[in-house]
Number of protein chains: 2
Amino acid sequence: MIGQKVKEILLENEEYFLVSADNVATLQDTNSLEHAFLVLTNIGYSRIPVVDRKEKLVGSVSLSMVVEVMIDTESINPDKLSEVLVSDVMDKDVKSLKQPFEIEKILNLLVDANFVPVVDDDGVFKGIVTRKEILKSVNHLAHEIESRYALQTK
Amino acid sequence: MIGQKVKEILLENEEYFLVSADNVATLQDTNSLEHAFLVLTNIGYSRIPVVDRKEKLVGSVSLSMVVEVMIDTESINPDKLSEVLVSDVMDKDVKSLKQPFEIEKILNLLVDANFVPVVDDDGVFKGIVTRKEILKSVNHLAHEIESRYALQTK
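Residues numbered from 1 in each chain as written. Chains lettered and ligands numbered in written order. Predicted model: local features only at pLDDT ≥ 70, side-chain atom pairs only at ≥ 80, totals over all residues. Heavy atoms only, no water.

1. A closer look at the overall build of chain A
Going by this rule: Segments assigned H or I by DSSP are reported as helices when at least four residues long, segments assigned E as strands when at least two residues long, and all are numbered from the N terminus. All radius of gyration figures rest on C-alpha atoms, and the globule criterion is 2.2 Å times the number of residues raised to 0.38. Only protein chains enter the accessibility calculation, which uses a 1.4 Å probe. A residue is then buried if its area is under 20% of the maximum for its type, exposed if over 50%, and partly exposed in between. Note on contacts: a residue pair is in contact if any heavy atoms of the two residues lie within 4.5 Å. Here, Shrake-Rupley sampling with a 1.4 Å probe gives the accessible areas, and only protein chains in the shown set may cover a residue. Under the convention used here, Asp and Glu are negative, Lys and Arg are positive, and both His and the chain ends fall outside the count. For charged residues, the charge sits on one atom: NZ in Lys, CZ in Arg, CG in Asp, CD in Glu.
Summing up its helical and strand segments, chain A has six helices and nine strands in all. Expected size for 154 residues packed as a compact globule is a radius of gyration near 15 Å; at 19 Å, chain A overshoots this value by more than 25%. Projecting the C-alpha coordinates of chain A onto the three principal axes gives extents of approximately 65 × 35 × 25 Å. Put simply, chain A has 154 residues, and 46% of those count as buried. Long-range contacts, defined here as pairs at least 24 residues apart, represent 57% of the contacts in chain A between residues at least 6 apart. Accessible area of chain A: about 7600 Å², with a carbon and sulfur share of 44%. Side-chain charges of chain A comprise 17 positive and 26 negative groups, with the mean position of each set lying 6 Å from the other.

Dropping the structure here:
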């Protein structure tokens, strides 16, 4: 269990934890991989969330997953991209968070993923929590805790 | 400044911080982007370190940087990959670490990068420190500190 004082310090930057959906590039599950390729290359992120037409989170897709489809034994064939949909290659096993945030869960999920999507009770995509923002909070914690508190061995 | 007790807990997993060069896929600066494309797609990482023929760290390259070269106005042209070298597109401004590790520096650099390369005094690539391993240590810190110490407001 994470102690109360550690939680408090980690959550002092909580307002910055959520990168809101308006500021996150996403793909739709019905997009072609040709479109996905251009979006992913353009934004320079290696993986982004996938939503359906009701804005519900349905998965995530990485540039690797997209370009793998182009590899034809040893040659590279971009024509294949227009024949395959995002839903055909996406990772459907995406763990998500709800608000209010549990810092314990965030820290756990970010060990294995660069970002964790946030959804509301209906599964609608609200944004992401990134390793970058959490690592800023961790820096804050590491610097603050011993200047605020005297630590005495129990 | 990070306090001594926080440092101690964060460094308890230090032996796992370094993923040694033997276990990290790298590219050489003289490799073609065609080779880089196949390596990056094959390993599934979005960015890897680049070394010269003396194993010195000279940069890093991402799958995005490679595939961007294939984009020809709106069509995708893989033929270009064989004409361009890794050194032509790589990010040369790569911050690195030396051992013994300073936890303060690691936490700082990992806010902006998924991994930080480690070099020896001659600049030879020794491995990487990843956000994944550091986030494990952070979890350890968050869980341990208040069970080991009583925190009293200063």
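Next, the rest of the story.
2. Considering the packing of aromatic side chains
Residue and element names in this part refer to chain A. Put simply, the rule reads: Any pair of Phe, Tyr and Trp rings, taking the six-membered ring for Trp, is counted once the centres come within 6.5 Å. Such a pair is stacked with planes under 30 degrees apart, edge-to-face with planes over 60 apart, and tilted for the rest.
This structure, assessed with the given rule, holds two aromatic pairs over all chains. Residues Phe 17 and Phe 101 carry aromatic rings whose centres are separated by 6.4 Å and whose planes lie at 40° to one another, so their mutual orientation is tilted. Taken as a pair, Phe 17 in the loop between α1 (4-10) and β1 (18-20) and Phe 101 in the loop between α4 (86-89) and α5 (103-109) lie far apart in primary sequence, 84 residues in all. A relative accessible area of 0% places Phe 17 in the buried class. Relative accessible area serves as the criterion here: at 8%, Phe 101 is assigned to the buried category.

3. What to know about the relation of the copies chain B and chain A
We apply this condition: Least-squares superposition of the copies uses the C-alpha atoms of those residues scoring a pLDDT of at least 70 in each of them.
The transform that puts chain B on chain A rotates by 180° and translates by 0.0 Å along the axis, for an RMSD of 0.0 Å. As the rotation angle and translation indicate, the two copies are arranged about a two-fold axis. Scanning chain B for the C-alpha nearest the rotation axis identifies Leu151(B), at a separation of 2.4 Å. Both copies contact each other with a shared surface, as 100% of the interface residues of chain B are interface residues in chain A too.

By themselves, these are just geometric observations and shouldn't be taken as functional.
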